[in-house]
Each structure stands twice: as C-alpha cells, then as structure tokens.
Amino acid sequence: MTTYLPTTARFAVIALVFAGTAAPAANAMQSADRMEQFAVSADANGDGYITEAEIREARTSRFDRFDRDSNDQLNSDDAPRFLMRQQFNDWLTVMTPDFDTDGNGSISRNEFVNGPMHAFEAADTDQDGQVAVEDLIATAQSLR
Ligand SMILES: [Ca+2]
Ligand SMILES: [Ca+2]
Ligand SMILES: [Ca+2]
C-alpha cells in the first residue's frame, strides 16, 4: 500500500511529531524538502502507522541535526545563521517551556526525544501505542 499525502497533510504530521504544540513548529519548518524528509522518516517502516517509538527515532535524528554545536543541548547557541535563524529561535521559544522539564533553559536530548506528544496521545484513542497517519493528521489539524 502506498500512502500518498498532500503537502499540507505531511506538514501536519511533521508538526505533530516534532512538537507538543503543533502550529508554531509548523512555522519553524517551511522547507518543503525537509518536511518531506521528516514525514518519511517518522513512519520509518512505511506501514501507514506511526508509533511512539517511530516518533522518538525521528526526534533523535532531528535533534542531531538541530544541535549544531553537538553539546546534547538545544538552545539559542544552536540557531542557524541567516534565513532559518528567526524561525529556529521562535520555535525554541515555544518549545522550551513544554520540553525543558528540568527548567535549565535548554532542551536536552532526553527532554526532546521523550517530550510531550499531545497530538499523538489525543489521536491514539484506543491507547495501543500506534496511530494511523491519517488520524494523526486529522488530530494535529484539530489541535491548531
Ligand atoms: Ca510505521
Ligand atoms: Ca547545542
Ligand atoms: Ca533542560
């Protein structure tokens, strides 16, 4: 089975996998290539379902990419130059209160990978730990 999702739907999946609160993360990621890449990597085995484990794996690789100084902490030191800088900082401002569970002002790898999955939890109504991609999209959009 091939699951084709329109760009807006992929966007929603990324936002929800990526963030506790979907909309600001969506604003932070406007590169179509990156969105596509992340949506594909979130459903790692391509079965049309996303599991908590797949979200954590996707977050791990995302963390590695964002942690530019490789100190296992996400903070403003990791902001890229130029175009993405403001988006990154905006994203960080929204993410930090939700993900910085020890309150030290930066998001550690563990805090990021194991952070809130609000949309996933809302969509996983039977609590079996997996959600159809379509259901995740619908839930993420309803949470905006
Ligand atoms: Ca899957
Ligand atoms: Ca860092
Ligand atoms: Ca922290």
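About the thresholds
- Residues numbered from 1 in each chain as written.
- Chains lettered and ligands numbered in written order.
- Predicted model: local features only at pLDDT ≥ 70, side-chain atom pairs only at ≥ 80, totals over all residues.
- Helix = DSSP H or I, 4+ residues; strand = E, 2+ residues; numbered from the N terminus.
- Buried ≥ 20, exposed ≤ 12 C-beta atoms within 10 Å, placed from the backbone.
- Contact = placed C-beta atoms within 7 Å.
- Expected span 1.5 Å × (residues − 1).
- Arc of directions from axis to C-beta.
- Core = buried A, V, L, I, M, F, W, Y, C linked by C-beta atoms within 7 Å.
- pLDDT = per-residue confidence, 0-100.

### As for the overall build of the protein chain
In step 1: When helices and strands are tallied, the protein chain shows 8 helices and 4 strands.
In step 2: Taken from N to C terminus, the helices and strands of the protein chain fall in the order α-α-α-β-α-β-α-β-α-α-β-α.
In step 3: By the burial criterion, 35% of the 144 residues in the protein chain qualify as buried.
In step 4: Counting contacts in the protein chain only where the partners sit at least 6 residues apart, residues at least 24 apart contribute 60% of the total.

### Focus: the environment of Thr96
In step 1: Turning to its location among the elements, Thr96 is positioned in helix 5 (residues 85-99).
In step 2: Here Thr96 falls in the partly exposed class, since 17 other C-beta atoms lie within 10 Å of it.
In step 3: Spatially, the C-alpha atom of Thr96 lies 6.5 Å from that of Ile107, the residues being 11 residues apart in sequence.

### Comments concerning helix 4 (residues 52-66)
In step 1: If you check helix 4, its first and last C-alpha atoms are 21 Å apart, about what 15 residues at 1.5 Å a residue would give, namely 21 Å.
In step 2: Restricting attention to buried positions, one finds in helix 4 the residues Ile55, Ala58, Arg59, Arg62 and Phe63. Across the axial projection of helix 4, the buried residues extend over an arc of 145°, all falling on one side. Exposed residues lying more than 90 degrees from the buried face of helix 4 are Ala53 and Asp64.

### A short note on helix 5
In step 1: For helix 5, with 15 residues, the first-to-last C-alpha span of 20 Å sits near the 21 Å given by 1.5 Å per residue.
In step 2: Among all positions in helix 5, only Trp91, Leu92, Met95 and Phe99 are buried.

### Quick look at the environment of Asp135
In step 1: By secondary structure assignment, the location of Asp135 is in helix 8 (residues 133-143).
In step 2: By C-beta crowding, Asp135 is classed as partly exposed, having 18 other C-beta atoms within 10 Å.

### Re the nonpolar core
In step 1: Counting 13 residues, the largest nonpolar core has Ile50, Ile55, Ala119, Phe120, Ala123, Val131 and Leu136 as the members making the most contacts within it.
In step 2: Counting only elements with at least two residues in this core, the list comes to helix 4, helix 7 (118-123) and helix 8.
In step 3: The biggest single contributor to this core is helix 8, with 4 residues.
In step 4: By size, the runner-up hydrophobic cluster in this structure holds 8 residues, among which are Met95, Phe99, Ile107 and Phe112.

### Considerations on unusual backbone geometry
In step 1: Phi at Asp72 is positive, roughly 65°, even though this residue is not glycine.
In step 2: Its place among the elements puts Asp72 in the loop between helix 4 and strand 2 (73-74).
In step 3: The class of Asp72 is partly exposed, set by 14 C-beta atoms lying within 10 Å.

### A look at the confidence of the model for the protein chain
In step 1: With 71% of its residues at a pLDDT of 70 or more, the protein chain has an overall mean of 79.
In step 2: Residue range residues 19-37 is modelled with pLDDT below 50. Its contacts to residues more than four positions away, or to other chains, number 41 contacts.

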